[in-house]
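# Breakdown of the fold
Listed below are the residues making up each chain.
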Amino acid sequence: MFQIMNIPKFLRVWLPLTLLCSAFFRALLPAQLPSLPSRDSAHTTSQSGLACARTASCAQAQPRRSLDGRMEIVATPTSGEIRIDGALDEDVWRTGEPVSAFVQAEPREGEPATEATEVRVAYDAQNLYIGAYLRESEPDRLVVSEIRKDYKEETQDGFEVILDTFGDRRNGYVFATNPEGARSDRQVANEGREINVSWDAVWSVRTRRVADGWTVEMSIPFRALRFNENGARAWGINFSRRIRRKNEIDFWSPVPRAYNLSRVSLAGNLVGLPGNSSGRDLRVKPFVAGRTVRETGALDFEARGDVGADVKYGVTRGLTLDLTINPDFAQAEADEQQVNLTQFSQFFPEKREFFLENSGIFYVGDAARNNRVVLTPTPDEDLLLFFSRRIGLADDGREIPIIGGARLTGNAAGVGIGALTMQTKRHDGSPSNNYSVIRARRNLFSGSDAGAIFMMRQSTDSAGDYNRVYGADANIRFFRRLDWNSYAIGTATPGLSGGQYAARTSLNYEGNFFHGKGGVLQIGENFNDELGYYRRTNVRKWFTDIGFRPRPASLAAIGIREMHPHIVWDYYENLDREMVGKRLHTGYTFFLNNGGFAELSYNPQFQRIAAPFEIHDGTPPIPAGSWGWNEYQVYGSTDPSRMLSLSLRAIAGGLWSGTQRTVNGSVTVRPSYRFYLTGGLQRTAAKLDNPNADFVASLVTLRTNYSFTTNMFVDALSQYDPERKQFNANVRFNIIHHPLSDLFVVLNEQRFLTDEGTTPGRSVIVKFTQMMAF
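Residues numbered from 1 in each chain as written. Predicted model: local features only at pLDDT ≥ 70, side-chain atom pairs only at ≥ 80, totals over all residues. Heavy atoms only, no water.

To continue, consider the overall build of the protein. Summing up its helical and strand segments, the protein has 5 helices and 39 strands in all. Every one of the 774 residues in the protein was classed for burial, and the buried ones make up 53%. Looking at the protein alone, contacts between residues at least 24 apart form 59% of all its contacts between residues at least 6 apart. Surface exposure of the protein reaches about 32,700 Å², of which carbon and sulfur atoms provide 56%. (Helix = DSSP H or I, 4+ residues; strand = E, 2+ residues; numbered from the N terminus. Buried < 20%, exposed > 50% of the residue type's maximum accessible area, 1.4 Å probe, protein only. Contact = heavy atoms within 4.5 Å. Areas by Shrake-Rupley, 256 points an atom, 1.4 Å probe, with all protein chains shown as cover.)

So, in structure tokens, the structure goes:
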């Protein structure tokens, strides 16, 4: 299918270079990876007692090791009740064996942490407890920028733990907090190929600031986790600490700076837990909602109420069943608009809670790279096989009512399982549809897995109206740093034949000094995935992402931590080998000691379009044909943890048949950890070869948050389009009145600031949920 003669000329140079570089650095691999001790050195006991944490010197103590050479921590049974108050004054926090040998990943990988950290783990019949003492030589310089739920961890001091409860070295639960006791939790699937920040568990944490640092006390109920109950396999565990004023990241079980806490295969072992059952986990969360809505231009409000429920049940120790009846997503954040200068529709990410939870099991795609500019993995918009926004949302973002659905996720007999089914109602002339997804994935040897997926849309009005998608994928890891990812997909749609396929393969090497990726994606001319997102068919995409990360010591003195010369090249051709598009990003990035960065890049572009398209309202369309241009870009950000931070992307050069001057910038003001305000501007001034096609497109955005406590906050997003004189606002007030139980009050408004006097659109929504555990 993929012949070497199909490779574009420039990639005939870069792909061999990628393979040669990968082979070269693979040869250096043993010197780069942290070595594990032999079994002869296992079970060396570290120093214990709170006194060890008083200075950073205790980080030099010989840590305890498991027989497999991993770092090891022993959980201690409690002799009495633990009160979660951050005080660490119970006996178990004095008698339990601590771990304290934290080492740096940033800025000096492998060296002892500059501030001492001591952690203990305890348990009783119901809960797992984690106590941490984080010493700080300058406690008045602790950085806290947010206290809302699921805060941004990279902008402040923090403590994190990841629990690999099945010991499979691939998946885990992350629990994080900062010095003010904010909570953040998420699921990690396949070592970061998918990170689900919308996952929520019932757990509690309290922190205290003390004279020489801060303390953490966590309680995580066993019933909130899925795990092997026989206790035969140790849990994977790792701890991470961020010291923001130094931009330092420390780990208990060492992790190279090319990776992060999601690299579960590098975690240590948690031993000493009994083979207890997680207990019955049955949670029922009913809701009641009321709303009043006036559409833009209408005169009257329409009011209605809704009731529904979500049910979560632990079917086995490894499988969780979720049911939803008449789901309501009114509290989801509004989509943020962008200035779109392409011929493609804009991609909006999923924001609905039910679809985000456990979404990692359904992901089929490439391994994630630890990108320092975009911190969370981003999907490949040229083909995202399962895109849950296809369910219950029309192309224009309007809701299609969902009757209900079910989801089964977890592990059984060593196989990761995901099954989802949702039923929509007839709405505005569209038929009622059932959407189903089945995913299975089997772990192979270290860091590798293989799986299969089946997806279907079936009209309940007509047996002949359907779309089916099926395929298999594999992720193979070599030498602990080189990943080979591939999949092959077929589709079936009535009326289509031939060319109903897609296939992708890539190699990805991730190292501290060098990273390289190369691969190819091919989509047949009749490929039709109605549960996915993709931009083209009848296309072959060649892609490469290569970069180096030198850290000259001479630059550190002037505030530069790392340089990153890199290329990210995408080349598109149709299946007749004719070029239809390209984007050749060639950049040089400087990462600063304080967390800011600056990048210069040169970005040649080419697009061939078969039909005219309107790039901006009221301007003549871009004619069909071939268009090539060059862009020059400056991109950067200041330290995001400071009270005032700036971000700027400036582009000059060509655009389709003419030129552009584009500025995308934002200013964030953060006077305290309770409040922040970000103002943004997107503006493009374009001059095309047709004078009547010149235009200015702009968008002004204002985003703000105020957190009254760690359980009560208000968010607001306002957007204004000066050309259309259109104003949109979304204000959300949220109280977490009990664990996983919320009160939402949401205000939406849309108005046109014109002389026509159009009545503004407005809605007010109140939603109350109450989680009940049995």
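From this point on, the discussion continues.
Moving on to the confidence of the model for the protein. Per-chain confidence: the protein averages 86 in pLDDT, with 89% of residues scoring 70 or above. In the predicted structure, residues 1-60 sits below a pLDDT of 50 and forms 116 contacts with residues beyond four places in sequence or in another chain. (pLDDT = per-residue confidence, 0-100.)

So, on to the side chain of Arg244. Residue position: Arg244 is located in the loop between strand S12 (235-243) and strand S13 (248-251). For Arg244, a relative accessible area of 4% translates into the label buried. One polar contact links the side chain of Arg244 to the main-chain carbonyl oxygen of Asn594, over a distance of 3.0 Å. Every residue in contact with Arg244, bar those within four places of it in the chain, is listed here: Val143, Glu154, Thr155, Gln156, Asp157, Asn594, Gly595, Asp639, Pro640 and Ser641. (Polar contact = N/O pair within 3.5 Å; in protein donor to acceptor, adjacent residues only side chain to side chain.)

The next thing to look at is the sheet that holds strand S11 (residues 213-221). Spatial strand order, S2-S4-S5-S11-S10: 5 strands in an open sheet with mixed pairing. Here the strands that pair on one side only, and so sit at the sheet edges, are strand S2 (76-77) and strand S10 (204-210). Taken together, the 7 bridges between S10 and S11 define a ladder with antiparallel strand orientation. Note on S11: the bridge partner recorded for Arg206 is Glu217. (Pairing = 2+ DSSP bridges.)

Burial within strand S4 (residues 117-123) is extensive, with 7 of its 7 residues counted as buried. Judged by which residues are buried, S4 turns out to be covered on both faces: Thr117, Val119, Val121 and Tyr123 on one side and Glu118, Arg120 and Ala122 on the other are all buried. Examined bridge by bridge, S2 and S4 share 2 bridges and lie parallel to one another. In the strand pairing of S4, Thr76 is matched with Ala122. Where S4 meets strand S5 (residues 127-135), 7 bridges bridge the pair, whose relative direction is antiparallel. Following the sheet pairing, Thr117 is matched in S5 by Leu134. Connecting S4 to the antiparallel partner S5 that follows it, the hairpin turn spans 3 residues.

Our next topic: unusual backbone geometry. Cis geometry marks the peptide bond from Glu106 to Pro107, where omega comes out at -5 degrees. Position of Pro107 relative to the elements: it lies in the loop between strand S3 (103-106) and S4. Phi angles above zero are rare outside glycine, and Asn190 is one such case at about 50 degrees. If you trace the backbone, Asn190 turns up in the loop between strand S8 (183-189) and strand S9 (194-196). The backbone of Arg480 shows a phi angle near 70 degrees, a positive value even though the residue is not glycine. Along the chain, the position of Arg480 falls in the loop between strand S22 (466-478) and strand S23 (482-492).

On to the pairing of strand S25 (residues 514-523). Of all 10 residues in S25, 10 are buried; the element is thus mostly enclosed. Every second residue of S25 is oriented toward a common face, with Phe514, Gly516, Gly518, Val520 and Gln522 on one face and His515, Lys517, Gly519, Leu521 and Ile523 on the other, all of them buried. Across 9 bridges, strand S24 (residues 501-510) lies against S25 in antiparallel orientation. Looking at S25, one finds that Thr505 is bridged to Val520. Hairpin connection of S24 to S25: 3 residues between the antiparallel strands. In the sheet, S25 pairs with strand S26 (residues 539-548) via 10 bridges, with the strands oriented antiparallel. Bridged to Gly519 within S26 is Phe543.

It is worth spelling out the packing of aromatic side chains at this point. Counting across every chain of the model gives 26 aromatic pairs. Ring centres of Phe159 and Phe239 lie 6.1 Å apart, and the angle between their planes is 15 degrees; this geometry places the pair in the stacked category. In this pair, Phe159 is assigned in strand S6 (residues 158-164) and Phe239 in strand S12, connecting sequence segments 80 residues apart. The buried category is assigned to Phe159, whose relative accessible area is 0%. A ring pair is formed by Tyr588 and Phe590, whose centres lie 5.1 Å apart and whose planes are at 35 degrees; its orientation type is tilted. Counting every residue linked through ring pairs, the aromatic cluster contains Tyr173, Phe175, Trp199 and Trp203. We note Arg468 situated over the ring of Tyr466; from NZ or CZ to the ring centre the distance is 4.1 Å. (Phe/Tyr/Trp six-rings, centres within 6.5 Å; stacked < 30°, edge-to-face > 60°. Lys NZ or Arg CZ within 6 Å of the ring centre and 35° of its normal.)

Formed by 37 residues in total, the largest nonpolar core has its most connected members in Phe159, Phe175 and Phe239. When contributions to this core are tallied by element, the ones reaching two or more residues are S4, S5, S6, strand S7 (172-177), S11 and S12. Phe175 has contacts with Phe159, Glu160, Val161, Leu163, Ser184, Asp185, Trp199, Ala201, Trp203, Met218, Ile220 and Leu225, leaving out every residue within four places of it along the chain. In this structure, Leu385, Ile391, Ile453 and Tyr487 belong to the second largest nonpolar core, which totals 29 residues. (Core = buried A, V, L, I, M, F, W, Y, C linked by side-chain atoms within 4.5 Å.)

Summed over all chains, the structure comprises 48 salt bridges. The closest approach of N and O atoms between Arg551 and Glu106, which form a salt bridge, is 2.7 Å. Of this pair, Arg551 sits in the loop between S26 and helix H5 (553-556) while Glu106 sits in strand S3, placing them 445 residues apart in sequence. Taking relative accessible area as the criterion, Arg551 reaches 22% and is therefore assigned partly exposed. (Salt bridge = Lys/Arg side-chain N within 4 Å of Asp/Glu carboxyl O.)

For the rest of this paragraph, the subject is the environment of Thr424. Mapped onto the elements of the fold, Thr424 is located in strand S19 (residues 415-424). Ignoring any residue separated from it by four or fewer positions in sequence, one finds Thr424 in contact with Gly392, Ile400, Pro401, Ile402, Ile403, Pro431, Ser432, Asn433 and Tyr435.

Judged by side-chain polarity, Val731, Val745, Leu747, Val764 and Val766 come together as a nonpolar surface patch covering roughly 310 Å² of accessible area. Residue assignment for the nonpolar patch shows that the elements contributing at least two residues are strand S37 (741-752) and strand S38 (761-769). Within the secondary structure, Val764 is located in strand S38. Accessibility expressed as a relative area gives 36% for Val764, which makes it partly exposed. (Patch = residues over 30% accessible without salt bridge, like charges linked within 9 Å, V, L, I, M, F, W, Y side chains within 5 Å.)

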